[in-house]
Amino acid sequence: MPLEISSVLISQEQIREKVLQLGAEINERYRGQELVVVGILKGAVFFLSDLARALEPELDVSFDFMSVSSYGSATESSGVVRILKDLDSDVRGKHVLIVEDIVDSGLTLAYLLQLLRQRKPASLGVCALLDKPERRRVEVPIDFRGFVIPDAYVVGYGLDAAGKWRHLPEIHTVVSRS
Ligand code: 5GP
Ligand code: MG
Ligand code: MG
C-alpha cells in the first residue's frame, strides 16, 4: 500500500530546542574526557550534524560512523544485525557515545552495545533522538533521550520509509493511503 506523510509530530522548533538541551547535557557529562561519538548511518546523521554544533569548542571529541543492517521486514527488526561499515578508529580506553535516530525494539542497539563493549571503551553511552518504549523487546540504556513517541512509524529529519523523506526538516508520522 502506498504511504503518505501525515501531520507534523515534532516540529523544527521542538527539535532545535531539544538538540541544544541534549548538547548541553553531553558537554556536562564528557567535559575533560576523550570522547568518540559514533553515529549510526544513515538515519542518525541528520540529528548528529546538528548535535555536533551544540557541543562546546573545548570538548575533546571525534566522530566516527557505523552502518548496520538489521535482517527482518521493512518495519520490524529481527535482532540479527550485519555490520556494513565498522568504525575507522580504535575506541579502547576512550569514552564512546552512540548516537541513534530512534530506539524501537531495542534489538539493534543491544547488539551494538554488546559489540562495542568487547572493545573495552572507558565508558559506553547512548544518545537517541526518539524513543518508542511501547515497542521495546529488549531493555537498553538510553543516557541522553530526545523525545518519547507513541507506537507509530515516523519519517523525516533523517528517518526514512524505503529511502524516502529523510530530508524533511521535521518529524511526521506516515499513513497508508487506500
Ligand atoms: P530497533 O532495532 O530498535 O527495532 O530498530 C532500530 C532501527 O529501526 C532504527 O535505527 C531505525 O532505522 C528503524 N526504525 C525503527 N522505528 C522506526 C520508525 O518509526 N521510523 C523509521 N523511519 N525507522 C524506524
Ligand atoms: Mg538507526
Ligand atoms: Mg530506515
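Please refer to the structure placed before this passage.
The present account deals with the structure reproduced in this document. (Residues numbered from 1 in each chain as written. Chains lettered and ligands numbered in written order. Predicted model: local features only at pLDDT ≥ 70, side-chain atom pairs only at ≥ 80, totals over all residues. Heavy atoms only, no water.)

## Observations regarding the pattern of salt bridges
Overall, the coordinates contain 14 salt bridges when judged by the stated rule. The closest approach of N and O atoms between Arg16 and Glu13, which form a salt bridge, is 2.5 Å. In this pair, Arg16 and Glu13 both sit in helix H1 (residues 12-30), three residues apart, roughly one turn of the helix. What makes Glu13 partly exposed here is its relative accessible area of 42%. The salt bridge involving Asp86 is made with Arg119; its shortest N-O contact spans 2.8 Å. With Asp86 in the loop between strand E4 (77-85) and strand E5 (95-103) and Arg119 in the loop between helix H3 (107-117) and strand E6 (123-131), the pair connects residues that are 33 residues apart, well separated along the chain. For Arg119, a relative accessible area of 24% gives the class partly exposed. Taken together, the shared-partner salt bridges in this structure form one network comprising Asp104, Lys132, Arg135 and Asp151. (Salt bridge = Lys/Arg side-chain N within 4 Å of Asp/Glu carboxyl O. Helix = DSSP H or I, 4+ residues; strand = E, 2+ residues; numbered from the N terminus. Buried < 20%, exposed > 50% of the residue type's maximum accessible area, 1.4 Å probe, protein only.)

## Description of the coordination of the magnesium ion (ligand 2)
The protein atoms that coordinate the magnesium ion (ligand 2) are Glu100 (OE) and Asp101 (OD), at distances spanning 2.3 Å. Residues Glu100 and Asp101 agree in their burial class; the two are buried. (Donors = N, O, S within 2.8 Å, 3.2 Å for Na, K, Ca; no water.)

## Things to note about unusual backbone geometry
Residue Leu41 is joined to Lys42 through a cis peptide bond whose omega torsion reads -10°. Its location among the elements puts Lys42 in the loop between strand E2 (34-41) and helix H2 (44-52). We note that Lys120 has phi near 55°; this positive angle belongs to a residue other than glycine. Within the fold, Lys120 resides in the loop between H3 and E6. With a phi close to 50°, Ala162 is a non-glycine residue in the positive phi region. Tracing the chain through its elements places Ala162 in the loop between strand E8 (154-155) and strand E9 (171-176). Using a relative accessible area of 83% as the deciding quantity, one classes Ala162 as exposed.

## Quick word on the environment of Arg145
Checked against the element boundaries, Arg145 lands in strand E7 (residues 144-148). Put simply, Arg145 and Gln21 are 124 residues apart on the chain and 10 Å apart in space, counted from C-alpha to C-alpha. Ignoring anything within four residues of it in the chain, the contact list for Arg145 reads Leu22, Ala128 and Asp131. Side chain to side chain, Arg145 and Asp131 meet in a polar contact 2.5 Å long. (Contact = heavy atoms within 4.5 Å. Polar contact = N/O pair within 3.5 Å; in protein donor to acceptor, adjacent residues only side chain to side chain.)

## Things to note about the packing of H1 against H2
At their nearest, the axes of H1 and H2 sit 9 Å apart, and the two run at 65° to each other. Regarding H1 and H2, the two cross each other, and that crossing is right-handed. Between H1 and H2, the residues in contact are Val19, Leu22, Gly23 and Ile26 and Phe47, Asp50 and Leu51, respectively. Its residues assigned to classes, the contact of H1 with H2 comprises five nonpolar, one polar and one charged. (Axes fitted to C-alpha atoms, helices over the stretch in contact; angles between N-to-C directions. Left-handed = near helix turned anticlockwise from the far one by under 90°. Nonpolar A, V, L, I, M, F, W, Y, C, P; charged D, E, K, R; others polar.)

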